[in-house]
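# Chains, contacts and geometry: an overview
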Amino acid sequence: MAELRPSGAPGPTAPPAPGPTAPPAFASLFPPGLHAIYGECRRLYPDQPNPLQVTAIVKYWLGGPDPLDYVSMYRNVGSPSANIPEHWHYISFGLSDLYGDNRVHEFTGTDGPSGFGFELTFRLKRETGESAPPTWPAELMQGLARYVFQSENTFCSGDHVSWHSPLDNSESRIQHMLLTEDPQMQPVQTPFGVVTFLQIVGVCTEELHSAQQWNGQGILELLRTVPIAGGPWLITDMRRGETIFEINPHLQQERVDKGIETDGSNLSGVSAKCAWDDLSRPPEDDEDSRSICIGTQPRRLSGKDTEQIRETLRRGLEINSKPVLPPINPQRQNGLAHDRAPSRKDSLESDSSTAIIPHELIRTRQLESVHLKFNQESGALIPLCLRGRLLHGRHFTYKSITGDMAITFVSTGVEGAFATEEHPYAAHGPWLQILLTEEFVEKMLEDLEDLTSPEEFKLPKEYSWPEKKLKVSILPDVVFDSPLH
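The written sequence of each chain sets the order in which its residues are numbered from 1. In keeping with the predicted nature of the model, local features appear solely for residues at pLDDT of at least 70, side-chain atom pairs appear and are counted solely at 80 or more, and the whole-chain, interface and lining totals rest on all residues. Excluding hydrogens and water, the side-chain figures rest on all heavy atoms present in the structure.

- The name an unreviewed UniProt entry assigns to the protein is Suppressor of fused homolog, from the organism Gorilla gorilla gorilla.

What follows is the structure, encoded as structure tokens:
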């Protein structure tokens, strides 16, 4: 629940927004972290000391549902000569530490990040005759903030968010998001650490897919070169009816396709509807009480084992620095994913060189035969996994959105994997690794060619490689919504 008010109007828990020269007595009463961010806002908008502001009526630290205390909304005149249109500029307050008293974020010192280390911004093109900013972007930002607080995963420039719905609940083609550095907001040093500003950029489905297949930063650079698709400041226009590839067809072949061929994909993992069965032994085999089969009769784990596996997965999915992301809202089934620059040598080890799998926790189990199951959206990413990741010596992880289960495909060049060429299917509890040789990847790409046009086939769809003892099924969503998965 939120209310709209000028930031100069007294709120239920906060005084009016001060300027950089607020009287000392007043500043001492004002949350220092909030005061520091307001200072950056006043630097950009000295003529707007009291912008309209969406504020949470019941603050998150008092049990309210909205993690962001405030979202301020400024009118930016842009620069017509530089193809920067007039727009509304939204800035969040609450992902960073505003108070420094541990009510929301743990205070860890002034040298590191404040809270999660960033705030969100959004630039929305102002429509002709529009006298006040729409408030729907504030709820969009609250949704992203809820995800960050619930998962404790952070965003970085180049990340993308699969939203699968028009951002403003209209008929718009802008249905997903990329994230990048805000072009105007400078990092702020607060008494509780540093705050940077990440801007949300609305994109079409085709642009999201290109970001997945190549990388988010590459697509952001292309958007900057097309004025009506974002321009230099990446301003979102919800009325944009064409993708950058429809506006300039040469971008797909000359930039994206060439980039994919040269660089591969930076997408190292996704949250997904997926599952796997160990066909090597029947589910009722109780030989190893510390391993489980994901399938029609999943074995129950003790609370201690479950917590150990959850921690193992958390560490194990820190691929190239961050975990893959679960959906913000399970009812919406939105998928999110981090998009990371590749490391110099691909590895399944953390930056601290500590093995991601504590081998003493769960015994490695070699499997003779496996059955992989994906919903249609997840299955459509398998060619990307094979062509964009494994053929470039990298790895790709599907993390189940319904539990502590994951499937990681690895190539022969990935370090730290517990799957080997001798034993290409291996599991640590519910985490399965599959090692695929380049020759087998090429074979799979031929056989899975129709996955690139999933609308042309009916579910369920099954692919099988008996000589490799591997089976892949593409199943309806309803299969994964059952308690057994």
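## Observations regarding the nonpolar core
- Residues enter a nonpolar core if they are buried and are Ala, Val, Leu, Ile, Met, Phe, Trp, Tyr or Cys, with the set joined through side-chain atoms within 4.5 Å. Each residue gets one of three labels from its accessible area relative to the maximum for its type: buried under 20%, exposed over 50%, partly exposed in between, using a 1.4 Å probe on protein chains only. Core analysis: the biggest nonpolar cluster contains 40 residues, and L372, F374, L386, Y398, I407 and F409 have the highest contact counts within it.
- Any two residues having at least one pair of non-hydrogen atoms within 4.5 Å are treated as being in contact. If near-sequence neighbours (up to four positions away) are discounted, I407 is found in contact with C274, A275, W276, L372, F374, F396, T397, Y398, W431, L432 and I434.
- Counting residues in each nonpolar core, the second largest holds 31 residues, with L95, F118, Y147 and F149 among its members.

## Points about the environment of S411
- Among the structural elements, S411 can be located in the loop between β16 (406-410) and β17 (425-428).
- Its relative accessible area of 4% is what places S411 among the buried residues.
- Sequence separation between S411 and H392 is 19 residues, and the spatial gap between their C-alpha atoms is 8.3 Å.
- Contact partners of S411, with chain neighbours within four places excluded, come to L390, G393, R394, L435 and L436.
- Whenever two N or O atoms come within 3.5 Å, that pair is a polar contact, provided that in protein one can donate a hydrogen and the other can accept it, and provided that, for residues adjacent in sequence, both atoms are side-chain atoms. A polar atom in the side chain of S411 sits 3.5 Å from the backbone oxygen of G393. Secondary structure elements are taken from DSSP: a helix is a run of H or I of four residues or more, a strand is a run of E of two residues or more, and numbering for both begins at the N terminus.

## Focus on the packing of aromatic side chains
- Two rings belonging to Phe, Tyr or Trp (six-membered ring only in the last case) form a pair when the distance between their centres is within 6.5 Å. Interplanar angles under 30 degrees mark stacking, angles over 60 mark edge-to-face geometry, and anything in between is tilted. Evaluation of the coordinates by the stated rule reveals 16 aromatic pairs.
- Seen from their ring centres, F107 and F192 are 6.0 Å apart, and the 85 degrees between their planes marks the pair as edge-to-face. Here the residue F107 occupies a position in the loop between β4 (87-93) and β5 (113-125), and F192 occupies one in the loop between β8 (188-190) and β9 (193-203), the gap between them amounting to 85 residues.
- Aromatic side chains F116 and F149 sit 5.1 Å apart centroid to centroid with 75 degrees between the ring planes, which places their arrangement in the edge-to-face category. Residue F116 is located in strand β5, and its partner F149 is located in helix α3 (residues 136-151); the two are separated by 33 residues in the primary sequence. For the pair F116 and F149, a shared accessibility class is recorded, and that class is buried.
- Put simply, the rings of F374, F396, Y398 and F409 touch in pairs and so form one group of aromatic residues.
- Above the ring of W61, the side-chain terminus of R103 is found at 4.4 Å from the ring centroid.
- We call a charge positioned above a ring when the Lys NZ or Arg CZ atom is no farther than 6 Å from the ring centre and deviates by at most 35 degrees from the ring normal. Directly above the aromatic system of Y99 lies the positively charged group of R103, at a separation of 3.9 Å from the ring centroid.

## Concerning the sheet that holds β16
- Reading across the sheet, the six strands line up as β10-β15-β16-β18-β17-β13 and stay open at both edges, with mixed pairing between neighbours. Each end of this open sheet is capped by a strand with a single partner; those strands are β10 (269-272) and β13 (364-366). Averaged over all neighbouring strand pairs, the angle between strand axes comes to 20 degrees, with direction disregarded. Here, strands pair whenever DSSP counts at least two bridges between them. Here, axes are lines fitted to C-alpha atoms. For helices the fit covers the stretch in contact, and angles between N-to-C directions go from 0 to 180 degrees.

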